[in-house]
Amino acid sequence: QVHLVESGGGLVQPGGSLRLSCAASGNIFSINAMGWYRQAPGKQRELVAIINSGGRTNYADSVKGRFTISRANAKNTVYLQMNSLKPENTAVYYCNADLSLVGTGWYDYWGQGTQVTVSS
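As a starting point, this report considers the structure included with it. (Residues numbered from 1 in each chain as written. Predicted model: local features only at pLDDT ≥ 70, side-chain atom pairs only at ≥ 80, totals over all residues. Heavy atoms only, no water.)

**Some thoughts on the overall build of the protein**
Across its full length, the protein holds zero helices and eleven strands. If you list the helices and strands of the protein from N to C, you get β-β-β-β-β-β-β-β-β-β-β. Here the C-alpha atoms of the protein give a radius of gyration of 14 Å, agreeing with the 14 Å that 2.2 N^0.38 yields for 120 residues. Viewed in the frame of its principal axes, the protein has a C-alpha envelope of about 50 × 25 × 25 Å. Here the protein holds 120 residues, and 42% of them are scored as buried. Considering only contacts within the protein whose residues lie at least 6 apart along the sequence, 54% involve residues at least 24 apart. Carbon and sulfur atoms provide 47% of the accessible area of the protein, an area that totals close to 6400 Å². If you average the places of the 10 positive and of the 6 negative side-chain charges in the protein, the two averages end up 6 Å apart. (Helix = DSSP H or I, 4+ residues; strand = E, 2+ residues; numbered from the N terminus. Rg over C-alpha atoms; globule rule 2.2 N^0.38 Å. Buried < 20%, exposed > 50% of the residue type's maximum accessible area, 1.4 Å probe, protein only. Contact = heavy atoms within 4.5 Å. Areas by Shrake-Rupley, 256 points an atom, 1.4 Å probe, with all protein chains shown as cover. Lys, Arg positive; Asp, Glu negative; His and termini not counted. Charge placed at Lys NZ, Arg CZ, Asp CG, Glu CD.)

**A look at the sheet that holds strand β3 (residues 18–26)**
Taken together, the four strands give an open sheet; going across it, the order is β1-β3-β8-β7, and neighbouring strands pair in antiparallel fashion. For this open sheet the edge positions go to β1 (2–7) and β7 (67–72), each flanked by a neighbour on one side alone. Strand after strand, the sheet turns through a mean of 15° between neighbouring axes, direction not considered. (Pairing = 2+ DSSP bridges. Axes fitted to C-alpha atoms, helices over the stretch in contact; angles between N-to-C directions.)

**Some words on unusual backbone geometry**
With phi around 50°, Asn76 is a residue other than glycine that occupies positive phi space. Locating Asn76 in the fold gives a position in the loop between β7 and β8 (77–82). Under the relative-accessibility criterion, Asn76 is labelled partly exposed at 24%.

**Things to note about the state of the cysteines**
Considering all chains together, one arrives at one disulfide under this definition. Residue pairing for Cys22: its cysteine sulfur links by disulfide to Cys95, the two sulfurs lying 2.1 Å apart. Between Cys22 and Cys95, the S-S dihedral sits near -80°, and the bridge is therefore left-handed. Taken together, the positions of Cys22 in strand β3 and Cys95 in strand β9 (residues 91–101) put the pair 73 residues apart, joining distant regions of the chain. Of the two residues, Cys22 and Cys95, neither departs from the other in class, the shared state being buried. (Disulfide = S-S within 2.5 Å.)

**Regarding the packing of aromatic side chains**
This structure, assessed with the given rule, holds one aromatic pair. On the numbers, 5.0 Å between centres and 65° between planes, the contact of Tyr37 with Trp110 is edge-to-face. Residue Tyr37 is located in strand β4 (residues 28–39), and its partner Trp110 is located in strand β10 (residues 106–110); the two are separated by 73 residues in the primary sequence. Between the NZ or CZ atom of Arg19 and the centre of the ring of Tyr79, over which it lies, the distance is 4.1 Å. Positioned above the aromatic ring of Trp110, the side-chain terminus of Arg45 is 4.7 Å from the ring centre. (Phe/Tyr/Trp six-rings, centres within 6.5 Å; stacked < 30°, edge-to-face > 60°. Lys NZ or Arg CZ within 6 Å of the ring centre and 35° of its normal.)

**Focus on the nonpolar core**
Core analysis: the largest hydrophobic core is formed by 32 residues, its most contacted members being Trp36, Leu80, Met82 and Tyr93. Secondary-structure elements contributing two or more residues to this core are β1, β3, β4, β5 (46–51), β7, β8, β9 and β11 (114–118). It is β9 that contributes the most residues to this core, six residues altogether. Setting aside residues no more than four positions away along its own chain, Leu80 makes contact with Leu18, Arg19, Leu20, Trp36, Val48, Ala49, Phe67, Thr68, Ile69 and Tyr93. (Core = buried A, V, L, I, M, F, W, Y, C linked by side-chain atoms within 4.5 Å.)

**Description of the environment of Ser7**
Along the chain, Ser7 turns up in strand β1. For Ser7, a relative accessible area of 39% gives the class partly exposed. In contact with Ser7, not counting residues within four places along its chain, are Arg19, Leu20 and Ser21.

By themselves, these observations are geometric and do not establish any function.
As structure tokens, this is what we get:
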């Protein structure tokens with residue numbers, strides 16, 4: 001069984017910063033890509049940022065230059081540093097990992113989500 005546990009969400013004023021963390025635990029053999037997605041009320045879930053096992057990153061155009069994704073492979077953890085936050089960044093942020101367990105193939109796993117609210 002695999003758990004992805006997110007933390008770091010909350011309420012922040014426009015222009016502020018937050019750092020999200022997501023730690024994967026369980027009988028994990030290897031992790032390929034890890035990423036962050038978000039879903040705002042009434043909208044579809046969308047990719048925010050993704051990082052592969054080699055450190056290559058990709059970002060949604062709307063967050064480039066403001067958000068930074070990173071990972072600590074030894075800790076099976078991915079981070080999202082969010083700066084210059086805007087009200088339109090308000091959403092539930094979900095962690096995603098493409099990983100394999102010992103003796104299995106590759107599967108997609110999701111965290112439970114963490115609320116980020118940007119408001120004055």
